[in-house]
Structures are given as structure tokens and as C-alpha cells.
Amino acid sequence: MGKKQIFNATLTAIRALSERYSMLTLSLPATVGDMEVLPGQFVEIRVADSPSTYLRRPISICDYDAASRVMTLLIRRAGEGTEHLCDLPEGSALDIVGPLGNGFSIPAPGSTALLAGGGIGVAPLMLLGKKMKQQGVTPCFLLGARTASEILLAKEFAAIGEVAISTDDGTAGEKGYAADNSVLGRHYDLVCTCGPKPMMAGIAHKARANGSPCEVSLENLMACGLGACLCCVEPTLKGNLRACVEGPVFDTGMLLWEI
Amino acid sequence: MANCQASPANNVNLAVEIAGLRMKNPMLTASGTFGFGEEFADFIDLEKLGGFIVKGTTLEPREGNPYPRMAETPSGMLNAVGLQNKGVDHFISDIYPRLKGLDTNVLVNVSGAKIEDYVAVAEKLAQLDGIPAIEVNISCPNVKKGGMAFGTTTDGAEAVTSAIRKAWPKTLIVKLSPNVTSIADIAKAVEGAGADSVSLINTLMGMAVDVERRRPCLSTVTGGLSGAAVRPVAVRMVWQASKAVNIPVIGLGGISSGRDAIEFMLAGARAVQIGTANFIDPQVTVKAIDWMEDWCRRHGVADINEIVGEI
């Protein structure tokens, strides 16, 4: 992993994708240099002027173009901090620490991969899918949500690879849980998933049944995001590991989940 | 007050001393908030600090408490980490070699569940050349007294301090719990038992409830409150403790800026620690040092030691 940085980015565009989700486009300053972002990494954003938030908010990096230094974030309105971020006016300055954490693995050229995201969990799959394709891997996306309006960026993912969809109410794609989608019926060289824990557990179970290695991205509560406070730990075969340093991406074989 | 007014031509002296521990400035970082220092090396030059305090080290490795271990609260946070650490032997073999060459003080926070464990850790650390001071965490529950924290009674505080005093010849700092009726009494007991300095406050006991899930936010139900919200309590206790003892006091509890650090020094602290604020701004420590220096110039203070306990 490269150097962690602290910088002010400019919010050049903000777009509501639905009632609950927004896409933020940030322009990073030249001082970040040739910052390397691994798919799966996140940033910690300071929420200024919000009286009831104190700590930074950890947000997955959805996309990053190093040449233009443009970073894309997807944010879900989950509480005061994220509501505040989703309501920011264009031109706002954002105080950011990152990139943090580890990234998903990218298998060898010629491999197949399934990238499964639930709700806001699709965010890191954009950069992951792009990097995989660049490296000769064939990504297939599985997007899951409660209803059609909460399926995010389906067109953008379709420009990269095959897209399968699951909605709880059947208003798009297959009706039911993402973990029950038919696309999970085959083997992949790697399954990467991010979303609510029960969804990831279901995906991991299917992956195991098909002999596919599986990596999950955890959303454990964090105070520092830097590896210092030890609040975000996940129990693993190697003891309690930090979701912000040894994670957020973990191989399911390391976790103590029953899958 | 000042014999020699600070002027643009003169440098302000920020160096302080805590019972033989010489620090280039009063700024330390609190244990449990700064890892082993390396976690912050991308953001600041560690050698600019007066020192940093390595997280709570116990005799045996500890996994700590189950997740969830934190909850955000107004202007603060609760934590229930439970002293997760790989134990003193791992610190000595794996971490210490990387830190001992740094041009800043590296202090170790020592924790334990029984007095013998504290003493064993102190004895092992005493073999190292590069650790000039230890900070003893007496907020730990004493398993031999039904889990009541050592630091909640004068007897408990005294017993731990005098045992470690025999095992640790260098600067001995005892970190006090604020969850007591009289911080002055605890500070006096610890001074009487041979401590060279007291640091306060550790976290205040608090609790939070998740109303949607209808359960406590922390796996342990209660936890330690830190951050800006505790600052007025910490300032009050630093003031009370420093009036009660002759040994130097190190102040912490919600310090988030140079202004806050000066507040603690005026109230009686000779050095300060920044903890939780590091999470929000990983560069807060160096910014605070610069602000303090500037404050001294503005106030005509040539030597920051002049302001200690001015209140």
C-alpha cells in the first residue's frame, strides 16, 4: 500500500442517484502526486459544520482516475454525517485522509471474476471491475437491492462487463436475494463481494459450494481508520485484525463466519 | 512574571522536564490513540513530538473485547477496546527495535489485572535502554478485588504504585482514573507511594444505546468516554490534582488544539497528551505545538514552564 495522505479535495459535481444515494465527483489537488488507489480502499472524510458528528466518515472509493486526479464516491444517507455530505453544494472543499485499507485481489489474466454488490456495496466494484478488465480478467457484475430504483450505476457497470441484477421485490432482474441469483451457479476464479453482512455470507456460501475463492469487504465501525485505535477489529484465524489496515477486504477463508 | 520578554529575536523555550524525562516540548500522544507511532508517520514527523506513549502493554497477549468496541457520542466517543495487544515480549522483540532510534521520547503504557503482572512488565521494560519512562494505567480492573479498578481507591492506587516503584528505576508516571470522588486523594496516595508524576484523566465511564436495534452500542455495555466532551472535567481534575501534589502533572482529556493544551498548562499541567483528536486530524499534534509557540510570543512568555499552574 502507498503512503496515506491528508488533503483538501474540491467537490466538482454532486448528483442524487435516488432518494437515498448520491454520487460525488471530487477533484484532488496536484499535491497528491501519483497517488495509487487500490480497488477496495476507502477514504475518511471530515464532516465540517455538522454539530452532532465528531469523527470522520469512512467511504469506499468508487472510482479514481490518476491522470485527471478525479475521485468518485457513492454515499448512502445513513445518518447525520452522510446526510450532510449528500447535501453539500458544488464547489465545497472536503478534508480527506486516504487512501486507506487494503484492496481486493486481481487474479491472473484470462481469469473470470464475479463482483457482487448489495446496495451501497456496489461502490468499490467500479474501480475493481475497470482494473480487472485492464489486466485481462473478465468481470461479471451482480447488483442487488430492495427495488429497481436502488440498483446503482447499472449502465456504467454494463459498459465494463456482464451485469446480473436481483431485487427483493422483482422490479428489476431476478426476484429475491442477490445470493440466490442464477449467476452464482457457476465457478469463478475469484468472487468479490461488498454489501450487508447476510448478503456477503450468502454469496460466500455459494462461492464455496462452487469451489470459488471469495473475498469480502467489511464495513466495521471505525474511529480512526488509520490502524491506531483497534475499534474496527474482525475476529479471524490470526486473531482480531483491523478492518482499516488488514482489511477492509478479507479472504473468507480467514474469517470465522459459518458459511 | 517573565524576566525576559519573548521577542521576534528570541526563541520561545518549549522544553519541559517531567522528573528527569526531558521533552523538547510539552506534547505527548495518549496511549491507545497513536498505535506505535508508525501509523502516523505518513502525516507528521514523529521527531517533532515531545514524545509518544505506546498503547497499553500487558504481560500476556490480549485479544480484547468483542466487536462492537466504539460508539460516536456528541463531541466524543465511547470505546471498549479492552487492551488488545500482543504482550510485552512481542513489544520488546518486534516493535522496540524500530522505535528506539527515534529522536523523541518513547514511553510505554503498562496495564495489568493483578499487581504481579504490572511488576513483571516493568521489570522486562527496565532492561531496555531506550524507554525513559512508563505510564501505569491504574484504571484496569483488579481481578483479585472483584474487578474493581485499582485506581478507584487510595489503597489500590498506592499498592500498584509502590510495587512498580521497586521494579522501575526511571521516570514513573501513574495515569489516574477520573471515575473517583476525589482525584486529589488518589493523586496524593500515588505521590506518597513514589510516583514521579501523574497523568490524568483516563476515560470517563459512559454508555450509549442503539434505539433502533434496542440494545447497547458497545459489546461490554459500558465503555470509556473521550474527546472534546470530557475536556472541562479533565481541566477541573488537573487543577485539583496539581494543587494537591508537588510532583508534575501531565494533562489529557479532550485536548484538540494548542489552545486546549495551554488551558491545561495554565490549570497545572507541565505536559499534555492528545488522544482522540488524532483520529479527526492526524496532524493535530504538530499544529498544536506551533500554536503554543505562537501563543507564547503573543503573551510575551519566553519559557512555557512559567505558565504551569498559573491558575
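Residues numbered from 1 in each chain as written. Chains lettered and ligands numbered in written order. Predicted model: local features only at pLDDT ≥ 70, side-chain atom pairs only at ≥ 80, totals over all residues.

Relative to the assigned elements, Thr222(B) resides in strand β16 (residues 222-226). On the basis of neighbour count, Thr222(B) is assigned to the partly exposed category, with 13 C-beta atoms found within 10 Å. (Helix = DSSP H or I, 4+ residues; strand = E, 2+ residues; numbered from the N terminus. Buried ≥ 20, exposed ≤ 12 C-beta atoms within 10 Å, placed from the backbone.)

We now examine the confidence of the model for chain B. Overall, the prediction assigns chain B a mean pLDDT of 95, with 97% of residues at 70 or greater. Predicted complex, confidence summary: ipTM 0.95, pTM 0.96. (pLDDT = per-residue confidence, 0-100.)

Below, the discussion takes up helix α6 (residues 258-267) of chain B. All names here are of chain B. With eight of ten residues buried, α6 is to be regarded as a mostly interior element. Residues of α6 that are buried: Gly258, Asp260, Ala261, Ile262, Glu263, Phe264, Met265 and Ala267. On its buried face, α6 is in contact with α5 (231-244), β17 (249-251), β18 (269-274) and α8 (284-298). Gly268 occupies a position one or two residues after α6 and carries a positive phi of about 135°. (Contact = placed C-beta atoms within 7 Å.)

With that out of the way, let us pick up the interface of chain B and chain A. Taken together, the contacts link 26 residues of chain B with 22 residues of chain A. Within the residue set of the side of chain B that touches chain A, elements represented by two or more residues are β5 (70-73), β6 (76-79) and α7 (277-280) of chain B. Sort the elements by how many residues they give to the side of chain B that touches chain A and β6(B) lands first, with three residues. Of the residues that constitute the side of chain B that touches chain A, the class distribution is eleven nonpolar, ten polar and five charged. (Nonpolar A, V, L, I, M, F, W, Y, C, P; charged D, E, K, R; others polar.)

On to helix α4 (residues 197-209) of chain A, then. For an α-helix the count is 3.6 residues per turn, leaving residues at separations of three or four pointing the same way. All names here are of chain A. The first and last C-alpha atoms of α4 sit 18 Å apart over 13 residues, in line with the 18 Å expected at 1.5 Å per residue. Residues of α4 that are buried include every one of Met199, Met200, Gly202, Ile203, Ala204, Lys206 and Ala207, and no others. Where α4 is buried, its residues contact β7 (112-118), β8 (138-145), β11 (190-194) and β12 (214-217). Where α4 ends, the next residue or the one after it, Gly211, has phi of about 65°, a positive value. (Expected span 1.5 Å × (residues − 1).)

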